[in-house]
Amino acid sequence: MTACWVDTTARPGFGVHHLPYGVLAWPGEPPRPVVRIGDLALPLQRLPGHEALFAGPTLDAFLVAGPTVWEQVRRDLTELFTDPAQQTRFGALLRPVAEAAPVLAFTVADYVDFYSSEHHATNVGRIFRPDGDALTPNWKHLPIGYHGRAGTVVVSGTDVRRPCGQRKAPQEQTPTYGPSRRLDVEVEVGFVVGMPSTLGTPVPAAALTDHVFGVVLVNDWSARDIQAWEYVPLGPFLGKSFATSAAAWITPLAALAAARVAPPAQDPPVLPYLQDPDPWALDLRLELSLQRGGTDVVVSRPPFAGMYWTPGQQLAHLTVNGAALRTGDLYASGTVSGSEPDQRGSFLELSWGGTAPLELDGIGEVSFLQDGDTLTIRGTAPGPDATTIELGDVSGTILPAAPR
Ligand code: MN
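Quick caveat, the model's predicted, so the values are computed rather than measured.

Turning to the overall build of the protein chain, a few remarks are in order. What the protein chain contains, in helices and strands, is 8 helices and 26 strands. For a compact globule of 404 residues, the expected C-alpha radius of gyration is about 22 Å, and the protein chain comes in at 21 Å, within 12% of that figure. Overall, the C-alpha framework of the protein chain stretches about 70 × 50 × 40 Å when taken along its three principal axes. Evaluated residue by residue, the protein chain yields a buried proportion of 52% over its 404 residues. Here the analysis covers contacts within the protein chain between residues at least 6 apart in sequence; of these, 72% occur between residues at least 24 apart. Split by element, the accessible area of the protein chain, about 17000 Å² in all, is 54% carbon and sulfur.

Before going further, it helps to examine the side chain of H120. By the secondary structure assignment, H120 is in helix α4 (residues 118-128). With residues up to four places along the chain from it excluded, the contact list for H120 reads Y115, E186, T335, S337, S346 and E349.

A separate point is unusual backbone geometry. At the junction of V232 and P233, the peptide bond is cis and its omega measures out at 5° in the coordinates. As for its placement among the helices and strands, P233 is situated in the loop between α6 (224-230) and β16 (244-246). Each neighbour pair has its own omega, and for D267 with P268 the value is 5°, a cis peptide bond. Tracing the chain through its elements places P268 in the loop between β18 (260-261) and β19 (281-282). Notably, L19 is not glycine yet its phi reads approximately 55°, a positive angle.

With that out of the way, let us pick up the pairing of strand β20 (residues 285-292). Bridge count for β20 against strand β25 (residues 374-382) is 7 bridges, and the pairing is antiparallel. Of the residues in β25, the one forming a bridge with L286 is G379. Where β20 and strand β21 (residues 295-300) come together, 5 bridges link them in antiparallel fashion. When the bridges of β21 are listed, L290 appears paired with V297.

At the metal site, the manganese ion is ligated by D113 (OD), E186 (OE), E188 (OE) and D220 (OD), and these contacts range over 2.1 Å. Here the donor residues of the manganese ion are spaced in sequence according to D-x72-E-x1-E-x31-D. Here E186 lies in the loop between β12 (183-184) and β13 (187-193) and D113 lies in strand β6 (residues 111-114), a separation of 73 residues in the sequence. Across the pair, exposure class does not vary: D113 and E186 are buried alike.

What the rule picks out here adds up to 15 salt bridges. For E186, the salt bridge identified is with K240, shortest N-O distance 2.9 Å. Linking E186 in the loop between β12 and β13 with K240 in the loop between α6 and β16, this pair joins segments that are 54 residues apart in sequence. Given the relative accessible area of 4%, E186 is considered buried. Residue classification places K240 among the buried residues on the basis of a relative accessible area of 6%. It is possible to trace a salt-bridge network through shared partners that takes in D184, E186, D220, R224 and K240.

Strand order in the open sheet made by the 5 strands is β4-β3-β2-β1-β5, with antiparallel pairing throughout. Each edge of the open sheet is held by one strand with a lone partner, namely β4 (95-96) and β5 (101-103). Pairing of strand β1 (residues 21-25) with β5, which is carried by 3 bridges, proceeds in the antiparallel orientation. Its bridge partner lying in β5, A25 is registered against A101.

A separate point is the sheet that holds strand β9 (residues 160-161). Taken in spatial order, the 5 strands line up as β9-β26-β25-β20-β21 in an open sheet, and their pairing is mixed. For this open sheet the edge positions go to β9 and β21, each flanked by a neighbour on one side alone.

We now examine the pairing of strand β2 (residues 32-37). When you tally the buried positions in β2, you get 5 out of 6 residues, the bulk of the element. Where β1 lies against β2, 4 bridges are found, and the strand directions are antiparallel. When the sheet's bridge partners are listed, L24 is paired in β2 with R32. Hairpin geometry of β1 and β2 is characterised by an intervening segment of 6 residues between the two adjacent antiparallel strands and by a positive phi of about 80° at G28. Between β2 and strand β3 (residues 40-43), which pair antiparallel in sequence order, lie 2 residues; one of them, G38, sits at a positive phi of approximately 60°.

Turning our eyes to something else, we now look at helix α2 (residues 67-82). Along its 16 residues, α2 runs 22 Å from first to last C-alpha, staying within 8% of the 22 Å computed at 1.5 Å per residue. All of the buried residues in α2 are W70, V73, R74, L77, L80, F81 and T82.

Our next topic: helix α7 (residues 311-319). In terms of burial, α7 is a largely internal element, 7 of the 9 residues being buried. Listed as buried for α7 are P311, G312, Q313, Q314, L315, A316 and T319.

So, on to the domain arrangement of the protein chain. Under the domain assignment, the protein chain is made up of domain 1 (12-103) and domain 2 (111-399). In this structure, domain 1 and domain 2 have C-alpha centres spaced 28 Å apart. Facing the 24 residues of domain 1 at the interface are 27 residues of domain 2. Between domain 1 and domain 2, a total of about 1900 Å² is buried, with carbon and sulfur atoms accounting for 75% of that surface.

Let's shift gears to the side chain of T251. Inspection of the secondary structure assignment puts T251 in strand β17 (residues 251-252). For T251, a relative accessible area of 0% gives the class buried. A polar contact of 2.8 Å, which involves the side chain of T251, links it to the side chain of H18. Leave out the neighbours within four places in its chain, and T251 touches H18, P20, F213, G214, V215, L256, I389 and L391.

Basis of the calculations
- Residues numbered from 1 in each chain as written.
- Predicted model: local features only at pLDDT ≥ 70, side-chain atom pairs only at ≥ 80, totals over all residues.
- Heavy atoms only, no water.
- Helix = DSSP H or I, 4+ residues; strand = E, 2+ residues; numbered from the N terminus.
- Rg over C-alpha atoms; globule rule 2.2 N^0.38 Å.
- Buried < 20%, exposed > 50% of the residue type's maximum accessible area, 1.4 Å probe, protein only.
- Contact = heavy atoms within 4.5 Å.
- Areas by Shrake-Rupley, 256 points an atom, 1.4 Å probe, with all protein chains shown as cover.
- Pairing = 2+ DSSP bridges.
- Donors = N, O, S within 2.8 Å, 3.2 Å for Na, K, Ca; no water.
- Salt bridge = Lys/Arg side-chain N within 4 Å of Asp/Glu carboxyl O.
- Expected span 1.5 Å × (residues − 1).
- Domains from an automatic or database assignment.
- Buried area = accessible area lost by both parts, 1.4 Å probe.
- Polar contact = N/O pair within 3.5 Å; in protein donor to acceptor, adjacent residues only side chain to side chain.

Following this line, the structure appears as structure tokens:
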């Protein structure tokens, strides 16, 4: 790998092989699109030849510009950071990430959430429907998903207020209204669409890189008591729509070439529109941690590589009816859970619906989230030449329910 003139030894996962994009606001200044290198950021408005593309307060213009421009900008940035002759001029423009506040990097158009981990779907099926089949009859034939609320996607670091709503435990006769008692996280991976598609024309799985720009970690906060009472027959609604957190940094798919792995085998075979001639999954290693009362504990390590449905199949399914993609569409994977108990991506599963609370060092028994808890999802991926990519983390702190 070519040497980079920025010293990234303290944050090797943000080396020149990564170059994630985001939007930062330094105190007293408007939000600026930036590229991150180490713990520094370069305002992209200063990138020669691309000033206009990054003049706005978001990455929207860059996303809609499409794959040729995405490649060109990445190539230009790689050259800039590896050409020693550029150090004097551009070194002076780099600013510490820590001194700025992250801003949601793009305007979220539509938000879709899938349900693509077989382990998660099986666990949830057993918990919510103990007397029925764990997987619904359609589960292995199509990637199940629902439309969420785009307008409440928030950037990492945004506090999340405990939602109120209707809830009715199975043993209760009638529902009551009040703050959720079973607030939870869902560890997920989100895909950010750049290039739109044409209404009426499906997008095949193999065209993913023509449309999807990059990846962000997502926390699909979930109020399990509200969800359990409302979800039949039309699926998740208010138990999910109060907030969805997304990482501040979008990792371009171009940085994740070395993280591509073969997806798990699918049985039964899927319909032709879901078949991908060259399928790939991403070997992202995720980590959920809980910070409560000054103690910070890793709760689980969900492996993304084992997801049953691939990002390409999700895209093909999302558009197979002719629904068009829009710039800024965000589709998330669904909760990532592995086969092992310590690989589960939600407290619903980790505490088995609250019946088997988790015992965490220095914290004690945990079933669901308390006010004041901070939840953080981190992730890494293999990069080129034995490097590692550190995905931008996604974090949020629970505020008490609004006073009534
Ligand atoms: Mn979800």
